[in-house]
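One letter stands for each residue in the lines below.
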Amino acid sequence: CAVCLGRNNHSFIDCPAERIWDNSHPAVSKRVNKQLLVRRTDKPLCVDWQRGRSCTTRAHDERHLCS
């Protein structure tokens, strides 16, 4: 899960966690209306790097963070 970093079976698209799976650190991201945002800035979090094609854009605007 991109929010809690957990591998347990739960709804990843709606994960409400504020801390990572073992409660050791605050979660970096959050879900808002099924969109993944960076918690401290509310900027969209790019997860294309996890896909086979990776993230190839060089034109992310200031509201986009490529993880």
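Everything discussed here concerns the structure shown above.
A quick note: this is a predicted structure, and the numbers were derived from the prediction, not measured. (Residues numbered from 1 in each chain as written. Predicted model: local features only at pLDDT ≥ 70, side-chain atom pairs only at ≥ 80, totals over all residues. Heavy atoms only, no water.)

Enquirer: Would you mind going over the overall build of the protein with me for this structure?
Expert: Regarding its fold elements, the protein presents 0 helices and 4 strands. Counting helices and strands in the order they occur from the N terminus, the protein gives β-β-β-β. Every one of the 67 residues in the protein was classed for burial, and the buried ones make up 22%. Contacts spanning at least 24 positions in sequence make up 10% of the contacts within the protein whose residues lie at least 6 apart. Split by element, the accessible area of the protein, about 5,200 Å² in all, is 49% carbon and sulfur. (Helix = DSSP H or I, 4+ residues; strand = E, 2+ residues; numbered from the N terminus. Buried < 20%, exposed > 50% of the residue type's maximum accessible area, 1.4 Å probe, protein only. Contact = heavy atoms within 4.5 Å. Areas by Shrake-Rupley, 256 points an atom, 1.4 Å probe, with all protein chains shown as cover.)

Enquirer: Whenever I open this one, unusual backbone geometry confuses me. Can you help?
Expert: With phi around 50°, N33 is a residue other than glycine that occupies positive phi space. Of note, N33 is situated in the loop between β1 (29-32) and β2 (35-38). One non-glycine residue with positive phi stands out, namely D42, at about 60°. As for its placement among the helices and strands, D42 is situated in the loop between β2 and β3 (45-46).

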